[in-house]
Amino acid sequence: MIRSLIINPGSTSTKIGVFEDESLVFDKTLRHSTEEISSYPTIVAQKDFRKNIILEALKEHEIDVQSFDVIVGRGGMLKPIPGGTYAVTDELLHDLEEGVSGQHASNLGGILAREIGDMIGAPSYIVDPVVVDELCDLARLSGIPEIERVSVFHALNQKAVAKRFAKEQGKKYEELNLIVIHMGGGVSVGAHEKGRVIDVFNALDGDGAFSPERTGGVPSGALIKMCFHSGLSEKEIYKKFVGQGGFNAYLGTNDARDVEKMMQEDSEQGRKAKLIYDAFIFQLAKNAGAEAAVLKGEVDQIILTGGIAYDKYVTGCLTERLSFIAPVTVYPGEDELLALTQGALRVMNGEEQAKAY
């Protein structure tokens, strides 16, 4: 049995989980007030504060930190790297501390894993960070040399459900061609070809379907005019596209459950909500169709995942639109703690080798 401690830092919380193999035996979300967080000048400066809270929570629940065989942290904003499980080496640790691709709370995942791992003499890993980049060369061209298409997506969950499906089929992930559609606050649609995500719609501030709080791809000419004539600052426009876009912009909510309730109303608002929800589904289906073309129609399965995959209306409509391409499987939710555990277990059990950063 392998006992692991999983650390998933967010902007105002740190989620921790204790696993024995793949069985969760303890989890807790440690909340941090805005006052606590704002007292630190940088994200990295929060390291000791968060580490002490984690150790105190374990002690409070009579969990011996020395009992862990491995410590796993959420991957952060590193250089673009292929998917996989990475040991937190000195170089990887340095790049997390520097934030080579940006400052984000997830950078603390690997830093805290290494610190606690070194303290007890256990290995430390990160798994499939958001900067996973396996794009083929063709996918990088945007049409303007100054702007390259980049890979930013829900790599941890996309890879986890793809490998789960392969395992359930008695096959290797590297043997299959899959389209994975992740639906949460942001959405991403990826083409998984024989173990590599060779094309994906940028889930943060790029292209693809709109989502509960992001605009996705928009007509570029109209965007240019907005930038020059709206009177908004760069920061204000960015927030309009990332945070205030999508469902938020149309319906004033970023919760798909609210949209589903609105749809039940026999009113103008109810009809508007249905139009927006159906357009969201329509755009996701278009994205999946594009990825089917990337895979030359050779698609073994389409996987729907993320929080919105709990919604049977969405999954039903997508299945109706996409089942002509390939069968559809639904894995609702996003179990990041388990996905991180599984990534480390594959290395600890000898199923995979840890990748070199």
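On a predicted model such as this, the values are computed, not experimentally measured, just so you know.

A. Structural view of the sheet that holds strand E2 (residues 13–20). Taking strand neighbours across the sheet as the criterion, the six strands line up as E3-E2-E1-E4-E6-E5 in an open arrangement whose pairing is mixed. Each edge of the open sheet is held by one strand with a lone partner, namely strand E3 (23–31) and strand E5 (85–87). Neighbour to neighbour, the strand axes of the sheet diverge by 25° on average, direction disregarded. As paired strands, E2 and E3 are joined by eight bridges and run antiparallel to one another. In the strand pairing of E3, Phe19 is matched with Leu24. Sheet strands touched by helix H2 (residues 47–60): strand E1 (3–9), E2 and E3. Its angle to E2, the strand with the most contacts, is close to 45°.

B. Just the nonpolar core, in detail. One finds Ile181, Met183 and Phe280 to be the most contacted residues of the largest nonpolar core, which totals 37 residues. Broken down by element, this core gets its largest block of residues, nine residues, from helix H11 (residues 268–294). Excluding residues within four positions of it along the chain, Met183 makes contact with Phe280, Leu284, Leu304, Thr305, Gly306, Gly307, Ile308, Ala309, Val314 and Leu318. Counting 34 residues, the second largest nonpolar core, distinct from the first, contains Ile43, Phe49, Ile111 and Ala122.

C. Focus on the pairing of strand E7 (residues 141–144). Summarising the sheet, E7 and strand E8 (residues 147–148) pair through two bridges and their orientation is antiparallel. The residue bridging Ile144 from the neighbouring strand is Ile147, located in E8. The hairpin turn running from E7 into E8, its antiparallel successor, is two residues long.

D. Geometry of the side chain of Thr14. By the secondary structure assignment, Thr14 is in strand E2. There is a polar contact of 2.8 Å between the side chain of Thr14 and the side chain of His32. Discounting chain neighbours no more than four positions away, the residues touching Thr14 are Ile7, Asn8, Pro9, Lys28, Thr29, Leu30, His32, Arg50 and Ile54.

E. Quick peek at the sheet that holds strand E13 (residues 328–332). Strands sit in the order E11-E10-E9-E12-E13 across an open sheet of five strands; the sheet is mixed. What marks the edges here is a single partner per strand, and that holds for strand E11 (196–200) and E13. Averaged over all pairs of adjacent strands, the angle between their axes in this sheet comes to 25°, without regard to strand direction. Pairing between strand E10 (residues 187–193) and E11: four bridges, direction antiparallel. Note on E11: the bridge partner recorded for Gly190 is Val200.

F. Looking closely at the packing of aromatic side chains. Under the defined criterion, the tally for this structure stands at eight aromatic pairs. Ring geometry for Phe247 and Tyr277: centres 5.8 Å apart, planes at 70°, overall edge-to-face. Taken together, the residues span a long stretch of sequence, with Phe247 in helix H9 (residues 247–251) and Tyr277 in helix H11 at a distance of 30 residues. Here Phe247 falls in the buried class, since its relative accessible area comes to 0%. Between the aromatic rings of Phe247 and Phe280, the centroid separation amounts to 5.2 Å while the plane-to-plane angle is 80°, which identifies the pairing as edge-to-face. Of the two residues, Phe247 is situated in helix H9 and Phe280 in helix H11; the sequence distance between them amounts to 33 residues. You'll find Phe247 and Phe280 in the same group, each marked buried. These aromatic residues form a ring-pair network of at least three members: Phe210, Phe247, Tyr250, Tyr277, Phe280 and Tyr313.

Rules and cut-offs
Think of each chain on its own: its residues are numbered from 1, step by step along the sequence as written. In view of the model being predicted, local features appear only for residues whose pLDDT reaches at least 70, and side-chain atom pairs are presented and counted only at 80 or more, with totals across whole chains, interfaces and linings using the full set of residues. Derived side-chain values reflect all non-hydrogen atoms in the structure, with water molecules and hydrogen atoms excluded from consideration. Strand pairing follows a simple DSSP-based rule, namely that at least 2 bridges must link the two strands. Per the convention used, a helix needs a DSSP run of H or I reaching at least four residues, while a strand needs a run of E reaching at least two, with both numbered from the N terminus. The angle between two axes is taken between their N-to-C directions and runs from 0 to 180 degrees, where each axis is a line fitted to C-alpha atoms and a helix contributes only its stretch in contact. Any two residues having at least one pair of non-hydrogen atoms within 4.5 Å are treated as being in contact. Here the nonpolar core consists of buried residues drawn from Ala, Val, Leu, Ile, Met, Phe, Trp, Tyr and Cys, with membership extended through side-chain atoms lying within 4.5 Å. Buried residues are those whose accessible area, probed at 1.4 Å on protein chains only, stays under 20% of the maximum for their type, while exposed residues exceed 50% and partly exposed ones sit between those limits. We call two N or O atoms a polar contact when they sit within 3.5 Å, provided that within protein one can donate a hydrogen and the other can accept it, with sequence-adjacent residues counted only if both atoms are side-chain atoms. The aromatic pairing rule takes the rings of Phe, Tyr and Trp, using the six-membered ring of Trp, and pairs them if the centres are within 6.5 Å, calling planes under 30 degrees apart stacked, those over 60 edge-to-face and the rest tilted.

Purely geometric numbers; function is a separate question.
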